[in-house]
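# Working through the structure, step by step
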Amino acid sequence: MINLTPAATREVKRLKARFQDSAVGLRVGVQNSGCSGMSYTLNFDGETRPDDEVYEAEGIIVRVDADSLGHINGLTLDYSEDLMGGGFRFNNPQATHSCGCGNSFSTEQQAAQPQHA
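A brief report on the enclosed structure follows.

### Quick word on the packing of aromatic side chains
Counting across every chain of the model gives three aromatic pairs. Centre to centre, the rings of phenylalanine 19 and phenylalanine 44 are 5.2 Å apart; their planes meet at 45 degrees, and the pair counts as tilted. You can see phenylalanine 19 sitting in the loop between α1 (6–16) and β2 (25–32) and its partner phenylalanine 44 sitting in strand β3 (residues 38–45), a full 25 residues away along the chain. For phenylalanine 19, a relative accessible area of 37% corresponds to the partly exposed category. Overall, phenylalanine 44 belongs to the partly exposed group, its relative accessible area being 24%. Ring geometry for tyrosine 40 versus phenylalanine 90: centroids 4.1 Å apart, planes at 5 degrees, classification stacked. Of the two residues, tyrosine 40 is situated in strand β3 and phenylalanine 90 in strand β7 (residues 85–91); the sequence distance between them amounts to 50 residues. Residue tyrosine 40 is classed as buried on the basis of its relative accessible area, which comes to 11%. Of the residues examined, phenylalanine 90 reaches a relative accessible area of 17% and is grouped as buried.

Pasting the structure below:
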């Protein structure tokens, strides 16, 4: 399950307003990158793939692929603005380590996966 705070919901709806297609939703995922091993991805997507988990949060369709879900299940997405500008913040109960920027993390699941040469 992926949760959005009221601030994140407002910002996602503001950004989503640029799209005409009502099927467009927020795709949340992870990719291998960043100083802690993985980083979060956010984009708008109108396609539901066969391995997606689909949630509805405050009228927003949220899609997460099965591989990413194991690393971010229970994630709360927030949005805040400060002197450096606005940005999404990730509160991930699966993260066992995060870097200072908060956008890169690692999990127990990641550490248990075999490393390929």
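From this point, the narrative continues.
### Some remarks on the pattern of salt bridges
Summed over the entire model, instances satisfying the criterion amount to five salt bridges. Arginine 14 is the salt-bridge partner of glutamate 11, the closest N and O atoms lying 2.7 Å from each other. Separated by three residues within a single helix, glutamate 11 and arginine 14 lie in helix α1, roughly one turn from each other. Take glutamate 11: its relative accessible area is 10%, and that puts it in the buried class. A salt bridge links aspartate 45 to arginine 49, with the shortest nitrogen-to-oxygen separation between them at 3.3 Å. Aspartate 45 sits in the buried class, given a relative accessible area of 12%.

Basis of the calculations
Residues numbered from 1 in each chain as written. Predicted model: local features only at pLDDT ≥ 70, side-chain atom pairs only at ≥ 80, totals over all residues. Heavy atoms only, no water. Phe/Tyr/Trp six-rings, centres within 6.5 Å; stacked < 30°, edge-to-face > 60°. Helix = DSSP H or I, 4+ residues; strand = E, 2+ residues; numbered from the N terminus. Buried < 20%, exposed > 50% of the residue type's maximum accessible area, 1.4 Å probe, protein only. Salt bridge = Lys/Arg side-chain N within 4 Å of Asp/Glu carboxyl O.

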